[in-house]
Amino acid sequence: GDRISAEVEAIRLGTLFDPFVAIMDESRFELAVSDDTALFDQDSFVSIIAPEDGTYTIVVRETSYGGSDACRYRLHVGNFPRPTAVFPAGGPLAQAIDLRFIGDPTGDINQTVTLPAVAGFRPGLILDTESGMCPSAMPFRLNELPNFIEAEPNDSMDGEMAVALPHSLNGIIEQPGDVDFYLFEAKKDQVWEVECFAKRIGSGLDPVMNIFKASDKSHVVGNDDSRGPDSYIRFQVPEDGKYFVRVYDHLKRGQSDFVYRIELSPVTAKLGISIPRVDRYSQDRQSISVPQGNRFATLINATREDFGGELALLEDSLPPGIHMTWKPMVANLASMPVVFEADATAEMSGSLVDLQAKLVDENRDLRGGFSNIADFANGEPNNTRYYGCTVERLAMAITKPAPFRLEMVQPQAPLVRDGTLNIKIVVTRDEGFAAPINLQFPFRPPGLGTTNQVTIPEGQNEAYYTLNANANAQLGIWPIYVIGNSAVDGGALWVSTQLADLTIAEPLVRATVPRAGCDQGQSAQLICTLEQLTPFEGEATLELLGLPPNVAAEPQKFTKDTTEIIFTLPTTDQVPVGQHKTLFCQLTIPVAGEQVISATGRTELQVNPPPPMPVAEVAAPTQPAPETPAAPKPLSRLEQLRQRVRSSGDGAENQK
């Protein structure tokens, strides 16, 4: 008659150990076994009523009879209650509610519980009875929605009592083939979120939801797995009236602990921020570690739901000694760079920070907090997360000084569309520290590209990042930074530069170059017409690049007043015949002591085979020598072809 309960914590401790647990009698017969559970995933538990006096054995092993020194676990053994579900699985904050704990071998346990006033971190309920307390909390939803509890029979569209929205619907798919219907009333063009919680509250149910019109029982919309195994529908009401929502198990299963909770709530604007992963196998740099007197930078991602606009960060939650530099996140982007800097005299410490962001629009008070998924146990395939949780505070620490510091030389010249710009990074090293430093350029405005990593070699103190802007790069003044790491005390220590400004602008000069051509062995002329868009001082350079092999052109100088440059391109019999489409002009323009480099004037050069030798003709009478003509105007491509036909010796026939 005693209750014997055994619960294993393994995956939940962050160990990659998939446990199996069993209770055996004196004859070594298994009275109860458990591998995976809906409530705790890979972790397992069993609970029985002892059928007779005697000695019982609890067995713990790896589920496939494997194991290693890393398979650590904690085993709870006792006569404590161990339910498999709680019903309802959610309720309104701070209210007293009647709960039924399902699945204990002694039968259902009923308790009245006053719910917490704040949801808090990983909300859950622990069953506490005279015989003991269950070792782990039951997942539980806490919000403002009132509860509606199903009343059987509700397996058809015959109900008449409509639920007023917003509301939560709580039920159990208790038998195979069970289907639950709920009636609600809604107005045309209202938009409601209809979300089913099952897997996410520790239930074994795989829910499928559908919505029907009550008037003619016609199907409106349905969903299966929009929230993983759970279901979600964004329901825009097509007309005033009553509607049914239906829920059932995907495989038509049913069980006494297949609890679910459907929340019908209005669509509201939501804002959340997070730090992205730098790679799929690591959570490095998802927390903030700032050396004393130094900087650390990261990207802050934003999730906007049902709103748009610029976002700003709030700094009032930062710990003493840390300062934050950022620029508002523009409306069409989902990330912003942020630099954290620690005072040289700041005390080494650590804290969990409630970092928040807000909508810049002064007419709306919309805020959102930090949230990241923490992986505790990952494995194959593809670094799958077996156990983790959502954290709602940003871990931040001030650490001991770093032996190096990074600075970005503020660019004075703009990066123009279809252009390149070199950014200089300078390192200041402590005496005796000469290790190489690996640099990364994490934030890239739309249309900007660069190499993934640059290394400052051992003992050297500077490096360059070459930035490229495509023809559609988004114009504006953008914040940029570089972050770098080096091996310090056996690990990678990261610091960053300051936040610098990068201006992406239209080209200063644009060139137009018509296609040109010539016969092999002759010279072609390329006429570059310059459109001066922004005046500049001094002398710039135009270089013709992408020429075919064995063709060269000397760079030409020009000023803000130049409107045309002509290149003469001599060819030889070594120049390949054909259409060469890779020609373009590269402009190098001095601005504020730096160089603005851009590509423009893309064009083509046609090199034809040499014409055949002309047929001999009867000598014409001697004529007086003509006057010396003026320099010929460059021929167009059409005129060159006509001239070639005329000089072929059979011109009349060819023209015909």
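The rules behind these values
Residues numbered from 1 in each chain as written. Predicted model: local features only at pLDDT ≥ 70, side-chain atom pairs only at ≥ 80, totals over all residues. Heavy atoms only, no water. Helix = DSSP H or I, 4+ residues; strand = E, 2+ residues; numbered from the N terminus. Rg over C-alpha atoms; globule rule 2.2 N^0.38 Å. Contact = heavy atoms within 4.5 Å. Areas by Shrake-Rupley, 256 points an atom, 1.4 Å probe, with all protein chains shown as cover. Lys, Arg positive; Asp, Glu negative; His and termini not counted. Charge placed at Lys NZ, Arg CZ, Asp CG, Glu CD. Core = buried A, V, L, I, M, F, W, Y, C linked by side-chain atoms within 4.5 Å. Buried < 20%, exposed > 50% of the residue type's maximum accessible area, 1.4 Å probe, protein only. 1 Å grid on protein atoms, 1.4 Å probe; cavity = no way out; pocket = protein on both sides within 12 Å on 5 of 7 lines; lining within 4 Å. Points joined across faces, edges and corners; volume = space filled by probe spheres on them. Nonpolar A, V, L, I, M, F, W, Y, C, P; charged D, E, K, R; others polar. Pairing = 2+ DSSP bridges. Axes fitted to C-alpha atoms, helices over the stretch in contact; angles between N-to-C directions. Disulfide = S-S within 2.5 Å. Patch = residues over 30% accessible without salt bridge, like charges linked within 9 Å, V, L, I, M, F, W, Y side chains within 5 Å. Salt bridge = Lys/Arg side-chain N within 4 Å of Asp/Glu carboxyl O. pLDDT = per-residue confidence, 0-100. Polar contact = N/O pair within 3.5 Å; in protein donor to acceptor, adjacent residues only side chain to side chain.

## As for the overall build of the protein
Consideration 1: Along its length, the protein carries two helices and 55 strands.
Consideration 2: A globule of 656 residues ought to have a C-alpha radius of gyration of about 26 Å, yet the protein, at 37 Å, is considerably larger.
Consideration 3: Here the C-alpha coordinates of the protein stretch approximately 135 × 75 × 60 Å along the principal axes.
Consideration 4: Long-range pairs, those at least 24 residues apart, make up 67% of the contacts in the protein between residues at least 6 apart in sequence.
Consideration 5: Accessible surface, the protein as shown: approximately 32,900 Å² in total, 49% of it carbon and sulfur.
Consideration 6: Of the side-chain charges in the protein, 53 are positive and 85 negative, and the distance between the mean point of each set is 6 Å.

## Thoughts on the nonpolar core
Consideration 1: Counting residues in hydrophobic clusters, the biggest one holds 99 residues, and the most contacted among them are Phe340, Leu439, Phe558, Phe567 and Leu569.
Consideration 2: Of all hydrophobic cores here, the second largest spans 24 residues; its members include Ala198, Val237, Val245 and Ile262.

## Things to note about empty space enclosed by the protein
Consideration 1: What the rule picks out here adds up to one cavity of 30 Å³ or more.
Consideration 2: The computed volume of the largest cavity comes to approximately 40 Å³.
Consideration 3: Of all the secondary-structure elements, those providing two or more residues to the lining of the largest cavity are strand E7 (85-87) and strand E14 (138-139).
Consideration 4: Per-class residue counts for the lining of the largest cavity are seven nonpolar, two polar and no charged.

## Here we look at the sheet that holds strand E42 (residues 453-456)
Consideration 1: With antiparallel pairing, four strands are arranged side by side in an open sheet as E42-E40-E45-E46. The sheet is open, and its two edges are formed by E42 and strand E46 (491-496), each paired on a single side. If you compare each strand with its neighbour and ignore which way they point, the axes differ by 30° on average.
Consideration 2: Relative to E46, strand E45 (residues 483-488) runs antiparallel, the two sharing six bridges.

## A closer look at the state of the cysteines
Consideration 1: Evaluation of the coordinates by the stated rule reveals zero disulfides.
Consideration 2: This cysteine, cysteine 134, is not joined by any disulfide, and cysteine 389 carries the nearest cysteine sulfur, 19 Å off.

## Brief notes about a nonpolar patch on the surface
Consideration 1: Where nonpolar side chains cluster on the molecular surface, the patch consists of Tyr73, Leu75 and Val77 and spans about 260 Å² of accessible area.
Consideration 2: Within the fold, tyrosine 73 resides in the loop between strand E5 (57-62) and strand E6 (74-78).
Consideration 3: We classify tyrosine 73 as partly exposed; its relative accessible area is 43%.

## A short note on the confidence of the model for the protein
Consideration 1: Per-residue pLDDT for the protein has a mean of 92; in total, 94% of the residues score no lower than 70.
Consideration 2: pLDDT under 50 marks residues 651-656. Its contacts with residues more than four places away, or in other chains, come to five contacts.

## Here we look at the pattern of salt bridges
Consideration 1: Counted by the stated rule, this structure contains 31 salt bridges.
Consideration 2: Close ionic contact of glutamate 263 with arginine 261 constitutes a salt bridge, the shortest N to O distance being 2.9 Å.
Consideration 3: For arginine 261, a relative accessible area of 0% puts it in the buried group.
Consideration 4: Of the charged contacts, one joins lysine 424 and glutamate 462 as a salt bridge, the two residues approaching to 3.3 Å between their closest N and O atoms. One end of the pair, lysine 424, is in strand E39 (residues 419-429); the other, glutamate 462, is in strand E43 (residues 462-469), and 38 residues separate them in sequence.
Consideration 5: Several salt bridges converge on common partners, so that one network encompasses Glu7, Arg12, Asp43 and Arg82.

## Observations regarding the pairing of E42
Consideration 1: Side chains Val454 and Ile456 of E42 all project onto a buried face; the interleaved residues Gln453 and Thr455 project onto a face where none is buried.
Consideration 2: The pairing of strand E40 (residues 437-440) with E42 spans four bridges and is classified as antiparallel. For isoleucine 437, the partnering residue across the bridge sits in E42 and is isoleucine 456.

## A word on the sheet that holds strand E32 (residues 356-359)
Consideration 1: What the three strands build is an open sheet, ordered E28-E32-E33; its pairing is antiparallel. The open sheet has two free edges, formed respectively by strand E28 (311-314) and strand E33 (367-369), since each of these has just one partner strand. Adjacent strand axes in the sheet meet at a mean angle of 30°, parallel and antiparallel pairs treated alike.
Consideration 2: Across three bridges, E32 lies against E33 in antiparallel orientation. The partner of glutamine 356 across the bridge, within E33, is glycine 369.

## Points about the side chain of threonine 15
Consideration 1: Inspection of the secondary structure puts threonine 15 in the loop between strand E1 (3-9) and strand E2 (19-24).
Consideration 2: Residue classification places threonine 15 among the buried positions, given a relative accessible area of 4%.
Consideration 3: Among the polar contacts listed, one links the side chain of threonine 15 to the backbone oxygen of arginine 72, at a separation of 3.1 Å.
Consideration 4: If we ignore the near neighbours within four places in the chain, the residues touching threonine 15 are Ala10, Ala70, Arg72 and Ala377.

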